Amino acid sequence: MATIFGVSASVSANPNPSSVLAPTKLSASSSVSFLSSRGRTRGFPLISRTVLPHRRRTVRRINAKKQTFSSFDDLIAGSDKPVLVDFYATWCGPCQYMVSVLNEVGHAMKDAIDVVKVDTEKYPSIANRYRVEALPTLIIFRDGKPSARFEGALPADQLMQWINNALDTVAV
């Protein structure tokens with residue numbers, strides 16, 4: 001039987017501080033009720049929980065490759081495809097959301113575009129050069145020059161649509 005660790009509370013006119021909050025072990029089917037001011041329990045349990053057996057979480061593998069370049073310019077100029085650069089920070093909530101989105105987009109559009117992530121905390125000079133003021137900022141580079149820009153987070157389908165529109169606009 002699984003157990004839940006909880007705290008029991010007692011109510012009295014002269015509570016003993018050591019007995020007011022005493023750790024207890026509750027069984028998985030336990031419920032906790034509090035006494036009303038008249039000494040009767042309320043008609044509903046405040047905590048009632050069933051503990052399910054531990055389930056194993058599956059972690060999706062990310063097929064990212066870490067590469068070193070002598071400069072950012074070499075990276076974007078040396079690519080034969082357009083490059084989508086994600087400017088992010090580790091503390092940024094929307095940036096964390098975009099991790100799985102960019103993995104999905106990078107996999108789905110691997111023939112059309114390369115996806116690169118730049119940590120603005122580690123490389124502030126690159127972020128300043130491209131005037132990154134909001135996170136996440138996505139910039140598409142074509143022939144080493146910025147051609148489209150978006151600030152904020154998007155779901156994968158909308159991001160792919162934005163990329164396709166940006167690539168079609170530039171190609172014409």
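Rules behind the numbers
Residues numbered from 1 in each chain as written. Predicted model: local features only at pLDDT ≥ 70, side-chain atom pairs only at ≥ 80, totals over all residues. Heavy atoms only, no water. Core = buried A, V, L, I, M, F, W, Y, C linked by side-chain atoms within 4.5 Å. Buried < 20%, exposed > 50% of the residue type's maximum accessible area, 1.4 Å probe, protein only. Helix = DSSP H or I, 4+ residues; strand = E, 2+ residues; numbered from the N terminus. Contact = heavy atoms within 4.5 Å. Pairing = 2+ DSSP bridges. Axes fitted to C-alpha atoms, helices over the stretch in contact; angles between N-to-C directions. Expected span 1.5 Å × (residues − 1). Bend = angle between axes of the 7 residues up to and from the residue. Salt bridge = Lys/Arg side-chain N within 4 Å of Asp/Glu carboxyl O.

**Q** Help me understand the nonpolar core in this model?
**A** Residues L84, V105, L138, I140, L159, W162 and I163 are the most contacted members of the largest nonpolar core, which totals 17 residues. Contributions of two or more residues to this core are made by α3 (93–108), β7 (137–142) and α5 (156–171). Of all the elements, α5 adds the most residues to this core, at six residues. Beyond its immediate stretch of four places on either side in the chain, I140 contacts P82, V83, L84, I113, K145, P146, S147, A148, W162, I163, A166 and L167. One finds F72, I76, F87 and I126 within the second-largest nonpolar core, a separate group that totals 14 residues.

**Q** When you look at the sheet that holds β7 in this model, what are you seeing that I'm missing?
**A** Strands belonging to one sheet form pairs held by backbone hydrogen bonds; the direction of such a pair is parallel or antiparallel. Strand order across the open sheet formed by four strands is β6-β5-β7-β8, with mixed pairing between neighbours. Both outer strands of the open sheet, β6 (114–119) and β8 (145–151), are each paired with one neighbouring strand and no more. Adjacent strand axes in the sheet meet at a mean angle of 25 degrees, parallel and antiparallel pairs treated alike. Here strand β5 (residues 83–88) runs beside β7; their pairing, made up of five bridges, is antiparallel. Residue L84 lies in a different strand from β7, and its bridge partner there is I140. Those strands touched by α3 are β5, β6 and β7, and its axis lies near 160 degrees from that of β6.

**Q** Would you mind showing me how to read α3 here?
**A** Residues spaced three or four apart along an α-helix point in a common direction, a consequence of the helix completing one turn every 3.6 residues. End to end, α3 covers 24 Å across 16 residues, agreeing with the expected 22 Å (1.5 Å per residue, within 8%). A maximum bend of about 30 degrees is found in α3 at V99. For α3, every residue scored as buried is listed here: C95, M98, V101, L102, V105 and G106.

**Q** Please clarify how the pattern of salt bridges should be interpreted in this entry.
**A** Any two side chains of opposite charge can pair if their charged atoms end up close together. Here the structure, examined in full by the defined rule, presents four salt bridges. Residue D73 is joined to R129 by a salt bridge in which the shortest nitrogen-to-oxygen separation is 2.8 Å. Of the two residues, D73 sits in helix α2 (residues 72–77) while R129 sits in helix α4 (residues 124–129), which places them 56 residues apart along the sequence. For R129, a relative accessible area of 42% corresponds to the partly exposed category.

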